[in-house]
Amino acid sequence: MITFAKIKSAIISFTLFAFVPLLAAAQSEGPDKQRILLEARLSENTEIIKDGVEWRIFSSQPDEEGNIPELIFSHGGSKAFDIAPGEYLIHAAYGHASTVKRVKISGEAIREEFNFNAGGLKLQATAADEVRIPPRMLRFDVYEQKIRQNGTRKLLARDIGAGEVIPFPVGTYHIVSRFGDLNATVRADIRVEPGKLTIGSLTHRAAIVSFRLVRSNGGDAVANTAWSILTENGEVVDEIVRTFPSMVLSEGNYTAIAKHNEKVYSHDFKVRSGFNEDVEVLIVN
């Protein structure tokens, strides 16, 4: 039985050596070739997609190794191909949405339309009270909503940037938003509707905090300082050697420990969501 998994395997493992003769056989000029026009829509009653679709045409018969040979690959919107009569498997992908059809080409030109049953997903995030977060500091991961037996979810897309529009099949997804690269994360379940742009906006309770070891209040930062940032429970959030470090921390109480010339100084501070601030650790003789 030909399965979608075999098609996916063919996409990954197909080699240039096999591709050249198969492509020539499928698309070479000749009186027996028939035209097929391929078009795709995000969902019913939406416009034909003009760009960004990946088209793959496969033989319907496995080769000697059990793989499904890929005959043609193309990228764009609507595409027309002249290929020999026969049965083919046609795979269309758009973002994270995909669909596959078995198509029979006989004695006349045909048109095949693919419906992804998908929508666009655009993700963004703010801090408390709608404080804007720089897009470069945000990343999103998209998971299946369903929790597997081992307690995890299947990762579908990693490191999506803020404001990117990516097609996903209709359904509900578990979104993880990361502000910075430490402990500021939030989660939400967001549903993608067919043919629509879904804007998912998450709210972080975090802020950007900068640190300075100083000899007097408002003084210059002391160079070559080793920093350790701890939660109120004593867990280490980050350790770094830098004159003037800056990091994103989730809302809560912390302790900053600065080490310079074998001497250690500390200062307790509180992170308030949406309030970016400098924390000074004073050198006490």
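Everything quoted here is computed from the prediction, not taken from an experiment. (Residues numbered from 1 in each chain as written. Predicted model: local features only at pLDDT ≥ 70, side-chain atom pairs only at ≥ 80, totals over all residues. Heavy atoms only, no water.)

1. Observations concerning the environment of glutamine 34
Positionally, glutamine 34 belongs in strand β1 (residues 34-41). If sequence neighbours within four positions are ignored, glutamine 34 has contacts with Phe81, Asp82, Ile83, Pro85, Ile105, Ser106, Gly107, Glu108 and Ala109. (Helix = DSSP H or I, 4+ residues; strand = E, 2+ residues; numbered from the N terminus. Contact = heavy atoms within 4.5 Å.)

2. Here's the deal with the sheet that holds strand β14 (residues 185-192)
Taken together, four strands build an open sheet; the order of strands is β11-β10-β13-β14 and the sheet is antiparallel. Looking at the sheet topology across the chains shown, the edges are occupied by β11 (155-161) and β14. The sheet shows a mean angle of 25° between the axes of neighbouring strands, taken without regard to direction. Judged from the eight bridges that link them, strand β13 (residues 171-179) and β14 form a sheet pairing that is antiparallel. Residue pairing in the sheet places serine 177 in a bridge with valine 186 of β14. (Pairing = 2+ DSSP bridges. Axes fitted to C-alpha atoms, helices over the stretch in contact; angles between N-to-C directions.)

3. Focus: the confidence of the model for the protein
Of the residues in the protein, 89% reach a pLDDT of 70 or more, and the chain-wide mean stands at 88. Put simply, helix α2 (residues 16-27) is where the protein has its lowest mean pLDDT, 38, and β13 is where it has its highest, 98. (pLDDT = per-residue confidence, 0-100.)

4. Focus: the packing of aromatic side chains
In total, this model carries six aromatic pairs according to the counting rule given. Between tryptophan 55 and phenylalanine 114, the ring centres sit 5.2 Å apart and the planes meet at 75°, which makes this aromatic pair edge-to-face. With tryptophan 55 in strand β2 (residues 53-59) and phenylalanine 114 in strand β7 (residues 110-115), this residue pair connects regions lying 59 residues apart in the sequence. The residues tryptophan 55 and phenylalanine 114 share a single accessibility class, namely buried. With a centroid separation of 5.7 Å and 45° between ring planes, the pair formed by phenylalanine 211 and tryptophan 227 is classed as tilted. A residue pair is termed long-range when its members are at least 10 positions apart, and phenylalanine 211 in strand β16 (residues 206-214) and tryptophan 227 in strand β17 (residues 226-231) qualify at 16 residues. When sorted by exposure, phenylalanine 211 lands in the same class as tryptophan 227, which is buried. Site record: aromatic cluster; members linked through ring pairs are Phe211, Trp227, Tyr254 and Phe269. Seen from the ring of phenylalanine 114, lysine 101 lies directly overhead, with NZ or CZ sitting 4.9 Å from the centre. Here the basic side chain of arginine 272 rests over the ring of phenylalanine 275, its NZ or CZ set 4.4 Å away from the ring centre. (Phe/Tyr/Trp six-rings, centres within 6.5 Å; stacked < 30°, edge-to-face > 60°. Buried < 20%, exposed > 50% of the residue type's maximum accessible area, 1.4 Å probe, protein only. Lys NZ or Arg CZ within 6 Å of the ring centre and 35° of its normal.)

5. Quick notes on the nonpolar core
A general feature of soluble globular proteins is that nonpolar side chains tend to end up buried together. Residues Leu121, Phe140, Val142, Phe168, Ile175 and Phe179 are the most contacted members of the largest nonpolar core, which totals 24 residues. Residue assignment for this core shows that the elements contributing at least two residues are β8 (118-127), β10 (138-144), β11, β12 (165-169), β13, β14 and β16. Here this core gets four residues from one element, more than from any other, and that element is β8. Residues Ala40, Ile49, Val53 and Leu71 belong to the second largest nonpolar core, which totals 22 residues. (Core = buried A, V, L, I, M, F, W, Y, C linked by side-chain atoms within 4.5 Å.)

6. Observations regarding the pattern of salt bridges
Where charged atoms from two side chains of opposite charge approach closely, those side chains can pair. Counted by the stated rule, this structure contains 14 salt bridges. Note that aspartate 82 and arginine 35 form a salt bridge whose closest N and O atoms lie 2.9 Å from each other. Here the residue aspartate 82 occupies a position in strand β4 (residues 79-83), and arginine 35 occupies one in strand β1, the gap between them amounting to 47 residues. Its relative accessible area of 43% is what places arginine 35 among the partly exposed residues. Of the charged contacts in the structure, one is a salt bridge between arginine 212 and glutamate 280, with a shortest N-O distance of 2.4 Å. With arginine 212 in strand β16 and glutamate 280 in strand β22 (residues 277-282), the pair connects residues that are 68 residues apart, well separated along the chain. (Salt bridge = Lys/Arg side-chain N within 4 Å of Asp/Glu carboxyl O.)

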